[in-house]
Amino acid sequence: MTFENTIDFSLEQDRLDPLRDFRSQFYIPKHEGKEVIYFTGNSLGLQPKTTREYINRELEDWAEHGVEGHFRARSPWYSYHELFNVQVAHIVGALPDEVVAMNQLTVNLHVLLTTFYRPTSERYKIICEAKAFPSDQYALESQVRLHGLNPDEVIIEVAPREGAFTIQEEDIIAAIEKHGDSISVVLFGGVNYYTGQVFDMQAITAAAHKAGAYAGYDLAHAAGNIELKLHDWNVDFACWCSYKYLNSGPGGVAGAFIHQKHITNIALPRMAGWWGYTKESRFQMKSGFQPIPTAEGWQMSNAPVLSMAAHKAALDIFENAGMQALTEKSLKLTKYLFYILDEINKEQEHKVIEVITPKKPGKHGCQVSILMLERGKEVFNALTEQGVLADWREPNVIRVAPVPLYNTFEDVWKFGHIIQTILNS
Ligand SMILES: *Cc1c(COP(=O)(O)O)cnc(C)c1O
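What counts and what doesn't
Residues numbered from 1 in each chain as written. Predicted model: local features only at pLDDT ≥ 70, side-chain atom pairs only at ≥ 80, totals over all residues. Heavy atoms only, no water. Core = buried A, V, L, I, M, F, W, Y, C linked by side-chain atoms within 4.5 Å. Buried < 20%, exposed > 50% of the residue type's maximum accessible area, 1.4 Å probe, protein only. Domains from an automatic or database assignment. Contact = heavy atoms within 4.5 Å. Helix = DSSP H or I, 4+ residues; strand = E, 2+ residues; numbered from the N terminus. Arc of directions from axis to C-beta. 1 Å grid on protein atoms, 1.4 Å probe; cavity = no way out; pocket = protein on both sides within 12 Å on 5 of 7 lines; lining within 4 Å. Points joined across faces, edges and corners; volume = space filled by probe spheres on them. Nonpolar A, V, L, I, M, F, W, Y, C, P; charged D, E, K, R; others polar. Near = heavy atom within 4 Å. Polar contact = N/O pair within 3.5 Å; in protein donor to acceptor, adjacent residues only side chain to side chain. Areas by Shrake-Rupley, 256 points an atom, 1.4 Å probe, with all protein chains shown as cover. Buried area = accessible area lost by both parts, 1.4 Å probe. Salt bridge = Lys/Arg side-chain N within 4 Å of Asp/Glu carboxyl O. Pairing = 2+ DSSP bridges. Axes fitted to C-alpha atoms, helices over the stretch in contact; angles between N-to-C directions.

Colleague: I keep staring at the nonpolar core and nothing clicks. Help me out?
Modeller: Nonpolar side chains tend toward joint burial in soluble globular proteins. Core analysis: the largest hydrophobic core is formed by 68 residues, its most contacted members being Trp240 and Leu405. Here this core spans two domains, since at least three of its residues come from each of domain 1 (7-47 + 323-424) and domain 2 (54-320). With residues near it in sequence (within four places) discarded, Leu405 still touches Phe22, Arg23, Phe26, Asn247, Ile317, Phe318, Ala321 and Leu326. The next biggest cluster of nonpolar side chains, apart from the first, holds 35 residues, and it includes Phe338, Met372, Ala382 and Ile419.

Colleague: I'm lost on helix 1 (residues 7-16) in this one. Help?
Modeller: Residue pairs spaced three or four apart in an α-helix point in one direction, given the helix's 3.6 residues per turn. Along helix 1, the residues classified as buried are Phe9, Ser10, Gln13 and Asp14. One face of helix 1 carries all of its buried residues, which in axial projection span an arc of 140 degrees. Facing away from the buried side of helix 1 by more than 90 degrees, the exposed set consists of Asp8, Arg15 and Leu16.

Colleague: So what exactly am I meant to see when it comes to empty space enclosed by the protein here?
Modeller: Sizing a probe to match a water molecule and rolling it over the atoms shows the empty space that remains. Summed over all chains, the structure comprises two cavities of 30 Å³ or more. Considering only enclosed or pocket space, the largest cavity measures out at about 40 Å³ in volume. Residue lining of the largest cavity: Gly224, Tyr245, Phe318, Leu326, Val403, Pro404 and Leu405, and that is the complete set. A breakdown of the residues in the lining of the largest cavity according to their chemical character gives six nonpolar, one polar and no charged. A domain-level breakdown of the lining of the largest cavity finds at least three residues from each of domain 1 (7-47 + 323-424) and domain 2 (54-320).

Colleague: I tried to follow the site of the ligand on my own but got confused; where do I start?
Modeller: Lining the immediate surroundings of the ligand are Leu105, Thr106, Phe133, Asp136, Asp218, Ala220, His221, Tyr243 and Lys244. For the ligand, an oxygen atom lies 2.6 Å from a polar atom in the side chain of Thr106. For the ligand, a nitrogen atom lies 2.6 Å from a polar atom in the side chain of Asp136. The protein chains hide 82% of the 390 Å² of surface that the ligand would expose on its own. Here the residues of the shell around the ligand are counted per class, giving four nonpolar, two polar and three charged.

Colleague: Is there a simple way to explain the domain arrangement of the protein in this structure?
Modeller: Think of interface size as the accessible area that goes away when the parts come together; that is how it is often given. The domain architecture assigned to the protein consists of domain 1 (7-47 + 323-424) and domain 2 (54-320). Between the C-alpha centres of domain 1 and domain 2 there is a distance of 29 Å. The interface is formed by 33 residues belonging to domain 1 together with 26 residues belonging to domain 2. Contact with domain 2 buries area across many residues of domain 1, yet Met323, Ile356 and Lys363 alone supply 23% of it, more than any other trio. There are one salt bridge connecting domain 1 and domain 2. Here Lys363 makes a salt bridge to Glu169, at a shortest N to O gap of 3.2 Å. Along the contact surface separating domain 1 from domain 2 lie 11 residue pairs in polar contact (both at pLDDT 80 or more). Those elements that provide at least two residues to the side of domain 1 that touches domain 2 are helix 12 (323-347), strand 12 (368-372) and strand 15 (397-400). Ranked by residues supplied to the side of domain 1 that touches domain 2, first place goes to helix 12 with three residues. By residue class, the composition of the side of domain 1 that touches domain 2 is 16 nonpolar, 12 polar and five charged.

Colleague: Help me understand the side chain of Gln13, please; the structure alone is not making it clear to me.
Modeller: Tracing the backbone shows Gln13 in helix 1. Given the relative accessible area of 8%, Gln13 is considered buried. With sequence-adjacent residues up to four places away left out, Gln13 is seen in contact with Met1 and Phe409.

Colleague: Sorry if this is basic, but what is going on with the pairing of strand 12 here?
Modeller: A regular strand carries its side chains on alternate faces of the sheet. Counted residue by residue, strand 12 has five buried out of five residues, so it is predominantly covered. Side chains Val368, Ile370 and Met372 project from strand 12 onto one buried face, and the interleaved Ser369 and Leu371 project onto a second face that is buried too. As judged from the three bridges shared by strand 11 (residues 353-355) and strand 12, these two strands associate in the antiparallel manner. When the sheet's bridge partners are listed, Ile353 is paired in strand 12 with Met372.

Colleague: Just to check I follow, could you spell out the sheet that holds strand 15 for this structure?
Modeller: The strands that make up a sheet are held in pairs by hydrogen bonds between backbone atoms, and each pair lies either parallel or antiparallel. Taken together, four strands build an open sheet; the order of strands is 11-12-15-14 and the sheet is antiparallel. Either end of the sheet is taken by a strand with one partner, and the two such strands are strand 11 and strand 14 (391-393). Taken pair by pair, the neighbouring strands of this sheet meet at an average axis angle of 30 degrees, ignoring direction.

Colleague: I would appreciate a short explanation of the pattern of salt bridges in the present structure.
Modeller: Pairs may arise between side chains of opposite charge once their charged atoms sit close together. As enumerated under the stated definition, the model contains 22 salt bridges in all. Salt-bridge contacts for Lys329 lead to Asp17; the nearest nitrogen and oxygen are separated by 2.7 Å. With Lys329 in helix 12 and Asp17 in the loop between helix 1 and strand 1 (30-31), this pair connects stretches of sequence that are 312 residues apart. Owing to a relative accessible area of 7%, Lys329 belongs among the buried residues under this scheme. Residue classification places Asp17 among the buried residues on the basis of a relative accessible area of 5%. Of the charged contacts, one joins Asp236 and Lys261 as a salt bridge, the two residues approaching to 3.5 Å between their closest N and O atoms.

Rendered as structure tokens:
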């Protein structure tokens, strides 16, 4: 397809977009009375207009039934989390028994590492990406210390090569091969939060397994953004949050995946709580923990129903749109953005914009990280003043995420137009 750097072309693409009607299902924040160009769905997804209704339903049932709502609410609260596993399984490519909506992301990372990071004197290392999201770094470091080990000797970070931003996949595989049977867990992001690089989870998992280690992923920037096949890729465990691409509200309930081959192993050590206890006999309140033989067996607490109601509203929209249609549109939107940014560079005397996100299809999701070679902060401030919500990362990176559910080709064109106007002034 040949793109054009014109508003008419972008409007025509929006007219042809099979998902065009989904935008109206979200509240778009305003700036000086006009809808913003919201490019921060990778940080906090927008609010579906139905969210309020879903939460109100639970508030009404609570008002009407009090504690009896656990069994009498229209969606009884004692089993509320069961509303999610089929829809969530579609989003991450899992079997319904392999996923559970629970807790928060970093909490789930700890919960899963407690099971899968069981260092021995021979096998104790963790292989991960350099400059992972800080919360993940702290989680890993503290897990290592909980076992009385020294993070400096245990955590092996794979970094981009000198002068590069993204990590070479062969370097990840090479690190796994090098440390081999001293590795306990390989833990990566599905999509790197800074560069937008998608990691080859299937290849990393295969390499980890060859070394006899577990493979786990933080899918904060992947869930609801790229196509995932956790079950088929044989991933051991994964977790994600629901407030980024999954639009389930600030601090919304997170998710966890544990592969089928592990869920029935009730001997696996874990942090236990009553909500992970076999349902049939949970309320007999006997001593001795008997886990549910699905991912639910890792639940500790009863479901946070109000935050889960928001999750349900968002997942119903995802289901209607379909992950495949979303990823197809996402690819087109980002391709258009790459094109627009190239056009801007061509107009300048020398290159001003460097896209650090890999451009190859399959190697990126909807986030595009733009390294400004000059006038970065000035461009970013001007964008903000003109109603573009993007994200600034020191020293010179603007992160934008045209999200297929509610962003448009017009958004992308306007974004480029604003940058072009600033650079030409
Ligand atoms: C957003 C994000 C987090 C945030 O963790 P919370 O526990 O939800 O506060 C953690 N890790 C990664 C990779 C993220 O992108």
